[in-house]
Amino acid sequence: MDTLLENMDHAAGQDGHPVTITGARAAAQRLLIRLSVRAGSFAPDPGLGSRLHKLSPALAGPERDRLALHYAQEALLPEGAKVCSARTRPIRGKSEALAISLQVSLGGERFPLEVAI
């Protein structure tokens, strides 16, 4: 069980208490956290995070996708997840930002994730 995060904060229900999540939704959130955090930047757990922030929008699409797949697999390995595919695309209006769409397999389930860096 975990608490739902929205806009970098805990989501509150109508009663004002944190919203709890379980199962696939909690697993997906854990994976997104691992992908979004810069590798080595979280002092209590230096192994948490990914190197996705190192991707350059200047790289050609296929090379950038290949690196995104590698970095995502590396980050999600401790969770037991397998990254099946990765596609990157620039984010309009943000010259240095990328959106990374992933297909991830975890616990026999396959689901999409998207992270912006």
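A brief look at the structure comes next.

A rise of 1.5 Å per residue sets the reference length of helix 2 (residues 61-76), with its 16 residues, at 22 Å; its end C-alpha atoms lie 22 Å apart and thus fit the reference within 8%. Within the sequence span of helix 2, burial applies to R64, D65, L67, A68, Y71, A72, A75 and L76. An end-on view of helix 2 places all buried positions within 165 degrees of arc, on one side of the element. Residues of helix 2 that are buried make contact with helix 1 (23-36), strand 5 (82-91) and strand 6 (94-106).

This next bit is on helix 1. Over its 14 residues, helix 1 runs 20 Å from end to end, which matches the ideal 20 Å to within 8%, given 1.5 Å per residue. Residues of helix 1 that are buried include every one of A26, A27, A28, Q29, L31, R34 and L35, and no others.

Turning to the packing of helix 1 against helix 2, a few remarks are in order. Packing of helix 1 against helix 2 leaves a shortest axis separation of 9 Å and a crossing angle of 120 degrees. Considered as vectors, helix 1 and helix 2 are oriented oblique to each other. Considering how the two elements wind past one another, helix 1 and helix 2 form a crossing that is right-handed. Contacts between helix 1 and helix 2 involve L31, R34 and L35 from the first element and A72, A75 and L76 from the second.

All right, on to the nonpolar core then. Within soluble globular proteins, side chains that are nonpolar tend to cluster in buried spots. In terms of nonpolar packing, the biggest core is built from 23 residues, with L31, L35, L52, L55 and L102 touching the most fellow members. Mapped onto this core, the elements with two or more residues apiece are helix 1, helix 2, strand 5, strand 6 and strand 7 (109-116). Looking at which element gives the most residues to this core, the answer is helix 2, with six residues. Excluding its chain neighbours within four sequence positions, the residues that come into contact with L102 are L35, A72, V83, S85, A86, F111, P112 and L113.

Looking at the secondary structure, you find A86 in strand 5. For the pair A86 and P62, spaced 24 residues apart in sequence, the C-alpha separation works out to 9.9 Å. If we skip the residues at most four places from it in the chain, A86 touches D65, A68, L69, S101 and L102.

Cut-offs applied
Residues numbered from 1 in each chain as written. Predicted model: local features only at pLDDT ≥ 70, side-chain atom pairs only at ≥ 80, totals over all residues. Heavy atoms only, no water. Helix = DSSP H or I, 4+ residues; strand = E, 2+ residues; numbered from the N terminus. Expected span 1.5 Å × (residues − 1). Buried < 20%, exposed > 50% of the residue type's maximum accessible area, 1.4 Å probe, protein only. Arc of directions from axis to C-beta. Contact = heavy atoms within 4.5 Å. Axes fitted to C-alpha atoms, helices over the stretch in contact; angles between N-to-C directions. Parallel < 35°, antiparallel > 145°, perpendicular 65-115°, else oblique. Left-handed = near helix turned anticlockwise from the far one by under 90°. Core = buried A, V, L, I, M, F, W, Y, C linked by side-chain atoms within 4.5 Å.

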